[in-house]
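Listed here are the chains, written in short residue letters.
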Amino acid sequence: MGDPVADYTARLQEQERQIKTLSAEIDRLKNPQDLEPSAHLASLMEENSRLKYRLNILKRSLQVDHVPCSKAMLNINQRLQQVFGEAIREACPQLEDPPLAVTPNQQPKFGDYQCNSAMALAQMLKASGVKVTPREVAQKILENLPQNELIEKTEIAGPGFINIHLRKAFVSQLLSNLLLNGVQPPPLAARKKVVVDFSSPNIAKEMHVGHLRSTIIGDSMCRLFEFLGYEVVRLNHVGDWGTQFGMLIAHLQDKFPDYLTSSPPIGDLQAFYKESKKRFDEEEDFKKRAYHCVVRLQSKEPEIIQAWTLICDVSRAEFQKVYDCLQVRLIERGESFYQEMMKSVVVELKEKGVLELDEGRHIMFVPGQSIPLTVVKSDGGFTYDTSDLAAIHHRLFQERADIIIYVTDSGQSTHFQLVFAAAQMLGWYDPLVTRVEHAGFGVVLGEDKKKFKTRSGDTVRLMDLLDEGLKRAMDKLKDKERDKVLSPEELTQAQRSVAFGCIKYADLSHNRINDYVFSFDKMLDDRGNTAAYLLYALTRIRSISRLASLDGGALAAAAACTPILLDHEKEWKLGKCILRFPEVLSKILEDLLLHALCDYLYELATTFTEFYDTCYCVEKDRHTGEVVQVNMWRMLLCEATATIMAKGFDILGITPVSRM
């Protein structure tokens, strides 16, 4: 069967066309007063009235009965943009690509959302010779607003703002769907492949606080893309090749005779690396020997490769300790992975005639950039530029990535601008088709607002930082006497959750573009926008169902049959806040600024507190303390809040615990 609404609409439109034709004929007659009414016209008009009546009934029925059937969470803002976008196109058909602005309303008395397009549209119409006020444009938009399932009423305010009030029944149904289906992302039009390059420590060196931001931010970006249904490749572009390894191996030959059977521990390796660099700069004979070792490494002589492999293995084991603490997964593809590919890239660049000779170096200029890329050094060796050109080529042509994101400090932004511009110039990708982006970040500062260092002025080792976090988290838990109520296993879980969660959240809650001050005292504070506060808030919300003796099964059964009432203003505010989750994720997908998720989770937690302090979820007898009533619809609001908070934590890479 066809769509009855479409069928009736088509018939109605045909009838109206015929009526207009007949009416025009009558108007042209000289003496219409002498004419007898047309029986055909009367019949058409009667049929037209019947069709209009039946069409309106059908539309109202569909509107009332419409329930979002998808298991995915609905992006309300996106749906409103669809509705108002259609109305604006109908109201202003002469405008090409008219502006569309729909945002959540900050003041509840003015509605839930607001469309602010009328002012800009009026300006555009004025420029095209049509004089009309913004309020008149707003009125015309509302006249063309299509039938929809989510708007209760609209009103024009001020110079032309359109205030939008949502239907409570529709919001209630969305909340029920969330509880029945879980937090499901909207379906993707096509499953895209995302490559995220992050962490990227150097072999033979310990990870330091500078690697913390790349690792945490990159992991959270991966988690977001994975949740939304993308295929994600998590790449660790480690520094595992080059002159520094010739220097280190040459130095180990002198200082560590067993270098072919075992490698020094990472701390000693780093000290050896510093010593080798000093000798390389000061001793000409050692410099020649180091270069010879580099040649042997590049020639893949078994002895040198064996020493190099041992150094890499020791380093990887140390890196993995950090990744295990932070629960980060990565695929290692270091600079050594791209060695043969670099040769192919250089051949391609020569064939395309884009390389210039400059004092023995082969360099490449790209449009709009004054600094060239150094592709081949004067000694014939490759550079970071060559390595990154080979890497982006592999990711575009072998991985066939649709999105490539590099998560490094902002100091490398110029380098990546050059690499991206070169790849475009060479025809490797079209920025309108493939998204290639550098997600830069600021540096970590100490509480003195200077670059974060140890008291002796050394770079802070990342494992030392994580160990200090564990110690401080345990002290905090014991200060609150949690060791007296939690089992040893629960206490350890809470310690790790607080320690690593607070370190991650302190980073992610700041705009990544800016520098941020690292402070254990602030991040472990359980007041304000911190992981400690949010973890405690989630634990508290989860405990409400235990107070009411409700397990997951009872809540699921209630969600299937209990309407979620939103009559109290705090219930309504919380319900809308819960449902903004897809809007927040959609925005982060555009700008990759994860602090917006942290801000949202904090807003959700504080909105829940307002609700819980005002609306009784579990009512007790004042004398006996026994539970006398459980307001199930409010328990479902508690569960919906906890569900969204848990998913938000998961995207941030934070592991909550059931008891703290």
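The structure we're discussing is the one just above.
Nothing here was measured: the structure is a model prediction, and the numbers come from that model. (Residues numbered from 1 in each chain as written. Predicted model: local features only at pLDDT ≥ 70, side-chain atom pairs only at ≥ 80, totals over all residues. Heavy atoms only, no water.)

Student: An account of the overall build of the chain is needed here, citing residue identities and associated values.
Tutor: What the chain contains, in helices and strands, is 23 helices and 16 strands. Radius of gyration (C-alpha) of the chain: 32 Å, far over the 26 Å computed for a compact globule of 660 residues. Referenced to the eigenvectors of the C-alpha coordinate spread, the extents of the chain come out at roughly 120 × 80 × 45 Å. The proportion of buried residues among the 660 residues of the chain is 48%. Partitioning the contacts of the chain with sequence separation of at least 6, the portion at a separation of at least 24 is 74%. Taken as a whole, the chain presents about 32,700 Å² of accessible surface, with 50% of it coming from carbon and sulfur. Taking the 81 positively charged and 90 negatively charged side chains of the chain as two groups, their mean positions are separated by 2 Å. (Helix = DSSP H or I, 4+ residues; strand = E, 2+ residues; numbered from the N terminus. Rg over C-alpha atoms; globule rule 2.2 N^0.38 Å. Buried < 20%, exposed > 50% of the residue type's maximum accessible area, 1.4 Å probe, protein only. Contact = heavy atoms within 4.5 Å. Areas by Shrake-Rupley, 256 points an atom, 1.4 Å probe, with all protein chains shown as cover. Lys, Arg positive; Asp, Glu negative; His and termini not counted. Charge placed at Lys NZ, Arg CZ, Asp CG, Glu CD.)

Student: Now, about the layout of surface pockets: what can you tell me, with residues and values included?
Tutor: When its volume is computed, the largest pocket comes out at roughly 1,100 Å³. Every residue lining the largest pocket is counted, 39 residues in all, and those nearest its centre are Pro104, Asn105, Asp112, Arg580 and Glu603. Only α3 (76-91), β1 (102-104), β4 (161-166), α20 (569-579), α21 (581-591) and α22 (595-614) provide two or more residues apiece to the lining of the largest pocket. Here the second largest pocket defines a volume of roughly 800 Å³. Looking at the lining of the second largest pocket, the elements that each hand over two or more residues are α7 (209-227), α13 (384-397) and α14 (413-425). The element that contributes the greatest number of residues to the lining of the second largest pocket is α7, accounting for 5 residues. Partitioned by chemical class, the residues of the lining of the second largest pocket number 10 nonpolar, 15 polar and 7 charged. (1 Å grid on protein atoms, 1.4 Å probe; cavity = no way out; pocket = protein on both sides within 12 Å on 5 of 7 lines; lining within 4 Å. Points joined across faces, edges and corners; volume = space filled by probe spheres on them. Nonpolar A, V, L, I, M, F, W, Y, C, P; charged D, E, K, R; others polar.)

Student: Please provide a residue-by-residue account of the pattern of salt bridges, values included.
Tutor: Using the criterion set out here, one finds 43 salt bridges in the structure. With its nearest N and O atoms 2.8 Å apart, the salt bridge here joins Glu399 to Lys193. Separated by 206 residues along the polypeptide, Glu399 in the loop between α13 and β11 (403-406) and Lys193 in strand β5 (residues 193-197) bring together distant segments of the chain. On the accessibility criterion, Lys193 (15% relative accessible area) is buried. Between Arg289 and Asp254 there is a salt bridge, with the nearest N and O atoms lying 2.5 Å from each other. Highlighted residues: Arg289 in helix α10 (residues 284-298) and Asp254 in helix α8 (residues 243-255), separated in sequence by 35 residues. (Salt bridge = Lys/Arg side-chain N within 4 Å of Asp/Glu carboxyl O.)

Student: How would you sum up α10? Please name residues and give values.
Tutor: Spanning 15 residues, α10 covers 21 Å between terminal C-alpha atoms, matching the ideal 21 Å at 1.5 Å per step. Every buried residue of α10 is listed here: Phe286, Ala290, Cys293, Val294, Arg296 and Leu297. Taken around the axis of α10, the buried residues stretch over an arc of 165°, which confines them to a single face. Exposed residues pointing more than 90 degrees away from the buried face of α10 are listed as Asp285 and Lys288. The elements touched by buried residues of α10 are α8, α9 (266-282) and α11 (302-326). (Expected span 1.5 Å × (residues − 1). Arc of directions from axis to C-beta.)

Student: Give me the lowdown on the side chain of Ser214, citing residues and values where you can.
Tutor: Following the sequence through the fold, Ser214 ends up in helix α7. For Ser214, the side chain forms a polar contact with the main-chain oxygen of Val407, separated by 2.8 Å. With near-sequence residues (within four places) excluded, Ser214 lies in contact with Phe198, Ser199, Val407 and Phe441. (Polar contact = N/O pair within 3.5 Å; in protein donor to acceptor, adjacent residues only side chain to side chain.)

Student: Account for α14, with residues named and values stated.
Tutor: With 13 residues, α14 should cover 18 Å at 1.5 Å per step; its first-to-last C-alpha distance of 18 Å lies within 8% of that length. Of all the positions in α14, only His415, Phe416, Leu418, Val419, Phe420, Ala421, Ala422 and Ala423 are classed as buried. Where α14 is buried, its residues meet β9 (361-364), β10 (373-376), α13, β11 and β12 (435-438).

Student: Kindly report on the packing of α11 against helix α15 (residues 462-479), identifying the contributing residues and their values.
Tutor: For the pair α11 and α15, interaxial distance at closest approach is 10 Å and the crossing angle is 35°. You can see that α11 and α15 cross each other, and the crossing is left-handed. Within the contact between the two elements, α11 uses Lys321, Val322, Cys325 and Leu326 and α15 uses Leu462, Met463 and Leu466. In the contact of α11 with α15, the residues fall into 6 nonpolar, no polar and 1 charged. (Axes fitted to C-alpha atoms, helices over the stretch in contact; angles between N-to-C directions. Left-handed = near helix turned anticlockwise from the far one by under 90°.)

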